[in-house]
Amino acid sequence: MKRCFLSVIPILASLLMALHSARMGDSSGLIILWLPGLVFLVMYYYVSLKWKVYRDAYKTQVVGKLLKSFNDSFEYSPKDHISPEKYKSSGLYYGHYDRYRGEDYVRGVLGKTAIEFSELHTQYKSTSTDSKGNTRTTWHTIFKGLLFIADANKHFKGKTYITPDSEGFWSLVGKSLNNLLGGSVFGDRVAMEDPEFERHFEVYSNDQVEARYLISTSLMERLVAFRKEANAKVALAFVGDSIHIGIPSRKAYFEPKLFQSAANFDVVKDIYQDLDFITGIVEDLALNTRIWTKA
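The shown structure was predicted, so the numbers you read here are calculated from the model rather than taken from an experiment.

So, how was this worked out
- Residues numbered from 1 in each chain as written.
- Predicted model: local features only at pLDDT ≥ 70, side-chain atom pairs only at ≥ 80, totals over all residues.
- Heavy atoms only, no water.
- Helix = DSSP H or I, 4+ residues; strand = E, 2+ residues; numbered from the N terminus.
- Buried < 20%, exposed > 50% of the residue type's maximum accessible area, 1.4 Å probe, protein only.
- Contact = heavy atoms within 4.5 Å.
- Areas by Shrake-Rupley, 256 points an atom, 1.4 Å probe, with all protein chains shown as cover.
- Expected span 1.5 Å × (residues − 1).
- Arc of directions from axis to C-beta.
- Salt bridge = Lys/Arg side-chain N within 4 Å of Asp/Glu carboxyl O.
- Pairing = 2+ DSSP bridges.
- Axes fitted to C-alpha atoms, helices over the stretch in contact; angles between N-to-C directions.
- pLDDT = per-residue confidence, 0-100.
- Core = buried A, V, L, I, M, F, W, Y, C linked by side-chain atoms within 4.5 Å.
- Phe/Tyr/Trp six-rings, centres within 6.5 Å; stacked < 30°, edge-to-face > 60°.
- Lys NZ or Arg CZ within 6 Å of the ring centre and 35° of its normal.

Another aspect to go through is the overall build of the protein chain. For the protein chain, the helix and strand inventory stands at 9 helices and 9 strands. The buried share of the protein chain, reckoned over its 295 residues, is 39%. For the protein chain, the share of sequence-separated contacts (at least 6 apart) that also reach a separation of at least 24 residues comes to 67%. Accessible surface computed for the protein chain: about 17,300 Å², of which carbon and sulfur atoms make up 57%.

Right, dumping it as structure tokens:
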């Protein structure tokens, strides 16, 4: 980004001129002191426009081709996202939201499995009033990350959720209260036999038999490994005829890096790694074998 560095030159030059004028006792120096600020605003506006053009070109030319090289069926829409209806139908993030935003929508086929995913950011707001009557609005994040949806080729009889488990004393208190009050909003707790999996995740369902059939040993091992490797509290929902996977992340998956060339592999390697993980999930869930059939 040569323009970023070049834009600093006129700002520094105007600042030095203003300081020199003020040091020499020139009364006009007070007026000249405003010059660096004015130059900064102009250059900031200029660089922002150039960055937007570069960002848009990067997404359409670099990211689009990258996704095609990974899977020729992928269709990429930088400004689209998973619909609010599909987000709600997953049931993973049940809180009411006041703001729903997203971008970088991708759809395609992995083997025989239709998939779609995008970045999403949902928030709710709260307001408070201080003693002077001033109102303050605060925004709270419900979910920020990647939401992935895969066709399961099956209509699930019930609803099954795999949610990240908190660790420590307060987690035990929360579990005790849930049991005392009659369970979770996700349904009844399903106890799994893998202690390592139970340490990181909780399973809830309104169909215990189907839940145990869906959550195989290989799936539990995959989720535990990903939780440790990526340090991400991934969550899954088996609802309707789809599998929803929420991966919370602060990572900007498809954004260019400010001080790196678009041709630098480090810029795109995260995209490859995440797509490889998604492909692995599809394979571990055996979705491509089509062993299930829709009724």
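Now that the structure has been shown, we can carry on.
The terminal C-alpha atoms of helix α8 (residues 217-230) lie 20 Å apart, and with 14 residues this matches the ideal 20 Å at 1.5 Å per residue to within 8%. Along α8, the residues classified as buried are Leu219, Met220, Leu223, Val224, Phe226 and Arg227. Seen from one end, α8 has its buried residues packed into an arc of 165°, which puts them on one side. Away from its buried face, by an angle of more than 90 degrees, α8 presents the exposed residues Thr217, Lys228 and Glu229.

Before going further, it helps to examine the pattern of salt bridges. Inspection of the entire model under this criterion finds 7 salt bridges. In this structure, the salt-bridge partner of glutamate 103 is lysine 59, at a minimum N-O distance of 3.3 Å. You can see glutamate 103 sitting in strand β2 (residues 99-110) and its partner lysine 59 sitting in helix α3 (residues 34-70), a full 44 residues away along the chain. Residue glutamate 103 is classed as partly exposed on the basis of its relative accessible area, which comes to 24%. Judged by relative accessible area, which is 2%, lysine 59 ranks as buried. In this structure, the salt-bridge partner of arginine 199 is glutamate 196, at a minimum N-O distance of 3.6 Å. Linking arginine 199 with glutamate 196, this pair stays in helix α6 (residues 195-200), spanning 3 residues, or about one helical turn. What emerges from the salt-bridge pattern is a single network uniting Lys59, Glu103 and Asp104.

Another point: the sheet that holds strand β3 (residues 113-129). Within the open sheet, the 9 strands sit side by side as β1-β2-β3-β4-β9-β8-β5-β7-β6. Their pairing is antiparallel. What marks the edges here is a single partner per strand, and that holds for β1 (75-77) and β6 (188-190). Within this sheet the neighbouring strands show an average axis-to-axis angle of 25°, counted without direction. Here β1 pairs with β2 via 3 bridges, running antiparallel. Within the sheet, the bridge partner assigned to glutamate 75 lies in β2 and is arginine 107.

Take the confidence of the model for the protein chain next. When the pLDDT values of the protein chain are averaged, the result is 78; 67% of them are 70 or greater. Every residue in residues 1-6 is under pLDDT 50, and counting partners more than four places away or in other chains gives 9 contacts. Note that residues 168-174 has pLDDT below 50 and, in this model, 2 contacts with residues that lie over four places away or in other chains.

Residue position: alanine 225 is located in helix α8. A residue is classified by how much of its surface remains accessible, and alanine 225, at 42% relative accessible area, is partly exposed. Taking the C-alpha atoms as reference, alanine 225 lies 9.6 Å from phenylalanine 197; in sequence the two are 28 residues apart.

Let's shift gears to the nonpolar core. The biggest cluster of nonpolar side chains holds 44 residues, and the ones touching the most others in it are Ile162, Phe197, Leu223, Phe238 and Ile247. The residues touching leucine 223, leaving out its near neighbours within four places in the chain, are Ile162, Phe197, Phe201, Val234, Leu236 and Ile281. Core analysis: the second largest hydrophobic core is formed by 17 residues, Tyr100, Phe186, Ala237 and Val239 among them.

Tallying each qualifying case throughout the model produces 11 aromatic pairs. An aromatic cluster of at least three residues, connected via ring pairs, comprises Tyr87, Tyr93, Tyr97, Tyr100 and Phe143. Directly above the aromatic system of tryptophan 139 lies the positively charged group of arginine 99, at a separation of 3.7 Å from the ring centroid.

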